[in-house]
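The residues making up each chain are set out below.
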Amino acid sequence: MNVHTYEKIWLVAAMVLIVAFIATITYGSVGLGIAMVGDQQPTIEPTELGDDERFGEPRVEQVGENEYEAYVVAQTFSYQPDPIEVPEDSQVTFYVTARDVIHSFSIAGTNVNTMAIPGEIAEMTVEFDEAGEYGIVCNEYCGPDHHNMEGKLHVVSADEFDLTDLSADGPDEVAVGDSVDVDVVVENRQLEDLETTVTLEIGDETVSEEVTVPGGDAVETTLSVDSSALGEGDHDWTVTVDDHDSSGSVTVLEELDDDADGGEDDE
Amino acid sequence: MSNVYIDQFPAEAKVIRAAFYSSFLALALGGVFGIIQTLHRTDFLRFMDSVDYYTVLTAHGVFLVISFTIFFLVGIFTWAVTTSLDRGLEDIRFTWGWYSLMAIGITMTGVAILAGFTDAIDMSASVLFTFYAPLQAHPLFYLGLVLFVVGTWVAGVDWFRSWWAWKAENPDERIPLPTFMVLTTMLMWYIATLGVAAAILLFLLPWSLGLIETVNPLLTRTLFWFFGHPVVYFWLMPAYMMWYVMLPKFSGGKLFSDPLARVVFVLFLILSVPTGIHHQYLDPGIAEGFKFIAMTNTMFLLLPSLLTAFTVVASMEHGARQRGGEGYFGWLKALPWRDPVFTGMALAGLMFAAAGFSGMINAGMNINYLVHNTFWVVGHFHLTVGTAVALTFMAVTYWFLPQVTGKALWSRSVALGQVVVWFVGMTFMSNAMHRAGLLGVPRRTAEPQYEGFEFQAAVGSIGELDAQIALGGVLLTISLGMFFANVVGTALNGRSDDLPANEYAGALSGPDDAPLVLDNLKLWTAIAVVLVIFAYTFPLLSIIDRGGLFGPEVIPFPLTVESATTLGFALETAASTSFESAGEIATSALTAVMR
């Protein structure tokens with residue numbers, strides 16, 4: 001075959017360019033450790049996410065000193081959880097799946113980007129160095145309201161961040177003289193113990209209790225206020241633990257109907 | 001008898017005319033939907049509900065990349081085979097047969113898509129060009145696509161029949177270059193379309209008819225991309241053919257090297273298909289190793305394009321020097337810039353070089369994470385199929401239309417203006433799309449504005465980018481108007497006796513310099529099949545092994561009753577979350593580094 005000299009030079013240069021491209025990408029994978037979304041995770045039944053240990057309750061969990069895992073469900077046309085909150089200086093592994101059709105989980109302006117395919121779980125690990133707020137967009141067409149599918153990612157400073165869940169439950173009605181008992185559950189999904197104060201405010205009364213919640217555990221306690229101090233009528237109450245609060249209301253009656261008790265007040 | 005195509009092959013000219021007009025009809029529809037969505041998306045003019053945007057987008061995609069491109073290319077392939085073999089097709093009824101199959105097929109698909117605009121008919125196919133399950137279209141959509149593709153298969157048979165008949169009469173001759181290009185392209189197409197045929201016939205069509213309950217979304221998606229990447233070469237290879245066999249002629253010279261042109265088409269035949277997984281770098285469920293293999297093949301696929309860049313420029317320079325051009329770059333001035341055919345093709349080639357660069361970014365499997373499914377990608381393919389292919393097709397129309405109608409072109413000045421306006425419009429539009437993509441602006445969305453955050457532009461602003469995109473879209477629409485003025489004006493002209501002869505460029509280094517093995521189509525096809533087996537067997541088996549042939553339980557979307565309730569629930573969730581999210585602005589720099 002008769003190939004012109006210039007063409008031979010061009011051919012060699014083109015091959016060098018191609019090999020160089022492949023080499024840089026390979027260096028990125030092997031040398032810098034840039035991992036791809038792959039087949040690390042098992043498959044999952046999209047219609048049974050509710051019963052799944054990880055995706056039944058989409059959330060962020062601490063798994064190491066600065067290491068977290070986020071279980072995210074994409075569905076028409078929202079993300080769970082939303083917003084996703086993680087601390088700065090952390091390494092977060094996202095596990096993303098879809099409940100219905102194909103979506104994406106893409107943090108705008110970054111290279112954090114994966115498809116969310118029903119039946120498959122995407123895994124990717126991201127380092128967050130600084131506090132900030134990001135938008136999450138679905139960049140795969142998923143149906144008529146696709147353009148409204150968005151979420152938020154908050155990277156917050158270490159002191160602002162916690163993985164505490166608070167729930168409180170009190171009676172609807174009590175008779176004057178009985179005590180108003182509010183049951184409180186404080187859950188701590190971080191690894192370290194949480195030393196904090198649970199405070200109940202009702203009317204002008206305030207009671208509090210020091211609690212220590214072990215890492216990855218929950219404690220239950222009951223805070224009580226004597227209803228005589230409140231007087232008859234409706235009273236709003238609020239339970240606070242750090243930045244979290246939960247509130248409800250109770251009616252203090254002169255005399256209680258026997259069958260009117262219980263009910264639930266929750267956040 | 002003159003040397004114009006219509007006089008040489010009157011029956012074939014009629015088929016080519018029909019194919020061209022079908023192609024132009026699709027171009028007109030696609031163009032109208034294009035400007036509607038451009039103005040809607042950039043929020044300059046929103047006269048429809050955003051839900052309908054996706055119907056418009058589906059129509060824009062399917063009409064332009066399926067009907068416009070493929071109808072046009074079957075026209076020029078028919079021209080290439082008959083002209084270069086210097087013989088008519090074996091049986092013109094057979095030819096009308098495949099044309100009819102294609103026309104019926106695309107009409108069915110088009111009806112299914114357009115029915116999405118009205119609630120009066122219980123039919124829709126707003127599933128976009130990629131029709132990813134569990135999004136489900138009306139069965140008519142899939143059935144139409146099947147007929148259309150089968151039509152192209154039969155067209156390939158038609159051209160092979162011509163070649164076989166010619167070979168029987170000319171056993172010792174090399175395959176003429178244009179025919180060689182048609183045959184290699186069709187062989188590539190046969191292999192590529194097996195993917196989409198399997199996806200539709202085995203899974204999506206039975207599923208849409210209710211014959212099977214579920215599909216595996218990752219499997220049908222992978223089969224789509226088995227076809228979805230090589231289909232871009234099905235559009236591109238006819239444009240390359242024009243650059244090889246026509247552009248040197250319009251430049252005033254000859255093709256630099258016939259053998260290298262054959263090498264390029266052989267490389268496309270063997271490397272086009274085993275690359276599709278590079279559209280799935282972000283897909284969970286496909287191992288990194290398979291993605292790496294697809295990337296390697298993709299990178300080597302740069303080779304034929306880089307070779308083409310050399311040959312095309314070298315041929316143009318040869319032509320310019322024949323016309324008296326001199327100096328290192330001075331020869332550029334000697335090119336026939338007043339000829340719309342030449343200028344359109346040259347500008348298309350220039351845009352394709354730019355597209356090559358953004359394509360290399362897309363192909364890098366970890367760099368891709370920054371741009372995947374962003375507006376960047378839309379910018380990329382508006383340079384490739386939207387300019388390299390579409391502008392080349394429109395430019396050569398100014399030469400082909402007189403050949404197949406026997407009528408002189410209505411206006412060369414309007415034609416010249418048209419290709420320049422297209423180039424300018426696309427420069428605005430695709431440049432702004434690329435930049436918006438880098439900010440994370442997604443593709444395929446009716447309203448790229450969000451409640452909870454804004455995209456941060458380092459240079460310029462989102463408003464400025466939107467303005468450029470809208471301006472580009474308007475210029476492209478004006479360019480299309482000029483193109484159709486010429487098509488209609490030419491059709492209304494009377495027969496002309498003063499048309500150029502039907503011929504293509506000769507070569508400086510002719511086919512005799514090419515090793516015989518290059519013409520061994522069986523060998524190259526076998527290598528192509530082996531590479532496809534190598535690249536796809538394990539990924540497909542792994543996907544089936546993981547998720548099952550028919551996948552997990554998925555709900556078809558949006559046709560069934562169950563999905564309507566899902567949708568209601570979803571809309572409720574979406575509404576409540578959007579109220580909750582405050583209008584805060586994400587101000588941080590890009591601190592998220594993926595490990």
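The model shown is predicted, which means the values in this text are computed figures rather than measured ones. Along every chain, residues carry numbers that run from 1 in the direction the sequence is written. Chain letters and ligand numbers both follow the written order, the letters beginning at A and the numbers at 1. Since the coordinates come from a predicted model, pLDDT governs what is reported: local features require at least 70, and pairs of side-chain atoms require 80 or more to be given and counted, while whole-chain, interface and lining totals use all residues. Side-chain measures were taken over the full set of non-hydrogen atoms in the model, leaving aside hydrogen atoms and water.

Details of the overall build of chain B
Which entries qualify depends on this criterion: Secondary structure elements follow DSSP: runs of H or I of four or more residues count as helices, runs of E of two or more count as strands, with numbering from the N terminus. The globule rule is 2.2 Å times the number of residues to the power 0.38, and the radius of gyration it is compared with is taken over C-alpha atoms. Burial classes follow relative accessibility: with a 1.4 Å probe on protein chains only, a residue under 20% of its type's maximum area counts as buried, one over 50% as exposed, and anything between as partly exposed. When checking whether two residues touch, look at their non-hydrogen atoms; a contact exists if any pair is within 4.5 Å.
The number of helices and strands found in chain B is 19 helices and three strands. Expected size for 595 residues packed as a compact globule is a radius of gyration near 25 Å; at 24 Å, chain B falls within 12% of this value. Summarising its shape, the C-alpha atoms of chain B cover approximately 75 × 50 × 50 Å along the three principal directions. Across the 595 residues of chain B, 64% fall into the buried class. Across chain B, contacts joining residues at least 24 apart in sequence account for 84% of those joining residues at least 6 apart.

Details of the overall build of chain A
Let me state the cut-off plainly: For the area figures, the Shrake-Rupley method with a 1.4 Å probe applies, and any residue is considered shielded solely by the protein chains shown. Positive: Lys, Arg. Negative: Asp, Glu. His and the chain ends are not part of the count. Charge placement uses NZ in Lys and CZ in Arg. For Asp and Glu, CG and CD serve respectively.
Broken down by element type, chain A carries two helices and 18 strands. Taken over the C-alpha trace, chain A has a radius of gyration of 27 Å; the compact-globule value for 267 residues is 18 Å, which it surpasses by more than 25%. Its C-alpha atoms give chain A principal-axis dimensions of about 110 × 40 × 30 Å. Out of the 267 residues in chain A, the part that is buried amounts to 51%. Here chain A displays about 11600 Å² of accessible surface, and carbon together with sulfur accounts for 42% of that area. Of the side-chain charges in chain A, 6 are positive and 64 negative, and the distance between the mean point of each set is 23 Å.

Looking at the sheet that holds strand 11 (residues 164-169) of chain A
Where strands meet in a sheet, backbone hydrogen bonds hold them as pairs that are either parallel or antiparallel. Residue and element names in this part refer to chain A. We apply this condition: One requirement defines pairing of two strands: DSSP has to find at least two bridges between them. Angles run from 0 to 180 degrees between N-to-C directions of axes, and those axes are lines fitted to C-alpha atoms, restricted for helices to the stretch in contact.
Read across the sheet, three strands follow the order 11-13-16 without closing on themselves; strand pairing throughout is antiparallel. The sheet is open, and its two edges are formed by strand 11 and strand 16 (217-226), each paired on a single side. Taken over all neighbouring pairs, the strand axes of this sheet differ in orientation by 20° on average, direction set aside.

Here we look at the environment of Glu232(A)
Residue and element names in this part refer to chain A. Here glutamate 232 shows up in the loop between helix 2 (227-230) and strand 17 (233-241). Glutamate 232 gets classed as exposed once you look at its relative accessible area, which sits at 53%. In sequence terms glutamate 232 and glutamate 209 are 23 residues apart; their C-alpha atoms lie 26 Å from each other. Those residues in contact with glutamate 232, other than ones at most four positions away along the chain, are Val176, Val252, Leu253 and Glu254.

Re a nonpolar patch on the surface
How we decide: Residues enter patches when they are more than 30% accessible in relative terms and free of salt bridges; like-charged ones are connected within 9 Å and nonpolar ones (Val, Leu, Ile, Met, Phe, Trp, Tyr) within 5 Å. Here, a salt bridge means any side-chain nitrogen of Lys or Arg that lies within 4 Å of a carboxyl oxygen of Asp or Glu.
A surface patch of nonpolar side chains, about 530 Å² in accessible area, is lined by Tyr328(B), Phe329(B), Leu332(B) and Trp337(B). Overall, Tyr328(B) belongs to the exposed group, its relative accessible area being 78%.

Focus on the domain arrangement of chain A
So the rule is basically this: The split into domains, and so the bounds of each, comes from an automatic or database assignment of domains.
Each domain of chain A was delimited in the assignment, giving domain 1 (1-34), domain 2 (46-156) and domain 3 (164-253). On a C-alpha basis, the centres of domain 1 of chain A and domain 2 of chain A stand 37 Å from each other.

Focus on the confidence of the model for chain A
Under the convention used in this document: Confidence scores per residue from the predictor, reported as pLDDT, run from 0 to 100.
When pLDDT is averaged along chain A, the result is 89, and 96% of the positions lie at 70 or above. Here residues 260-267 of chain A is modelled with pLDDT under 50, and outside its nearest four sequence neighbours on either side it reaches 25 contacts, counting other chains as well.

Some thoughts on the interface of chain A and chain B
We count it as follows: Accessible-area loss on putting two parts together, using a 1.4 Å probe and summing over both, is the definition of buried area adopted here. We call two N or O atoms a polar contact when they sit within 3.5 Å, provided that within protein one can donate a hydrogen and the other can accept it, with sequence-adjacent residues counted only if both atoms are side-chain atoms. Here the nonpolar group is Ala, Val, Leu, Ile, Met, Phe, Trp, Tyr, Cys and Pro; Asp, Glu, Lys and Arg are the charged ones; every other residue, Gly included, is treated as polar.
Each partner contributes residues to the interface: chain A has 83 residues there, and chain B has 90 residues. Summed over both partners, the interface of chain A with chain B comes to about 7700 Å²; 65% of that surface belongs to carbon and sulfur atoms. The three residues of chain A that bury the most area against chain B are Met36(A), Tyr141(A) and His147(A), which together make up 10% of that side's buried surface. Our count for the contact surface shared by chain A and chain B stands at two salt bridges. In this structure, Arg444(B) and Glu140(A) form a salt bridge, with 3.1 Å as the shortest nitrogen-oxygen distance. Taken together, chain A and chain B are joined by 24 residue pairs in polar contact (both at pLDDT 80 or more). Of all the secondary structure elements, the ones that give two or more residues to the side of chain A that touches chain B are helix 1 (5-30), strand 7 (113-116), strand 8 (122-128), strand 9 (132-137) and strand 10 (150-156) of chain A. A total of 14 residues in the side of chain A that touches chain B trace back to one element, the largest contributor, which is helix 1 of chain A. Across the side of chain A that touches chain B, the residue classes tally to 41 nonpolar, 28 polar and 14 charged.

Describing the sheet that holds strand 18 (residues 244-253) of chain A
Residue and element names in this part refer to chain A. Here we have five strands laid out as an open sheet, ordered 12-18-17-14-15, and mixed in their pairing. A strand with exactly one partner marks an edge of an open sheet, and here the two such strands are strand 12 (173-175) and strand 15 (205-213). In this sheet, adjacent strand axes meet at a mean angle of 25° when their direction is disregarded. With nine bridges joining them, strand 14 (residues 194-202) and strand 15 adopt antiparallel strand pairing. Pairing of valine 198 across the sheet is with glutamate 209, part of strand 15.

Focus on helix 18 (residues 521-547) of chain B
Residue and element names in this part refer to chain B. Defined as follows: Multiply 1.5 Å by the residue count of a helix minus one, and that product is the helix's expected span. To get the bend at a residue, fit one axis to the 7 residues ending there and another to the 7 starting there, then take the angle between the axes.
In this model, helix 18 (27 residues) spans 37 Å end to end at C-alpha, consistent with the 39 Å of a helix rising 1.5 Å per residue. Helix geometry: helix 18 is bent most strongly at tyrosine 536, by close to 35°, with proline proline 539 lying one to four residues after it. Those residues of helix 18 lying buried are Leu521, Trp524, Thr525, Ala528, Val532, Ala535, Tyr536, Pro539, Leu540, Ser542, Ile543 and Gly547. Buried residues along helix 18 sit against helix 5 (139-169), helix 6 (177-208), helix 7 (217-228), helix 10 (258-271) and helix 11 (288-300). Glycine 548 sits one or two residues past helix 18 and shows a positive phi near 85°.

Quick look at the side chain of Gln75(A)
The residue Gln75(A) is located in strand 2 (residues 67-75) in this model. For Gln75(A), the side chain forms a polar contact with the side chain of Arg99(A), separated by 2.5 Å.

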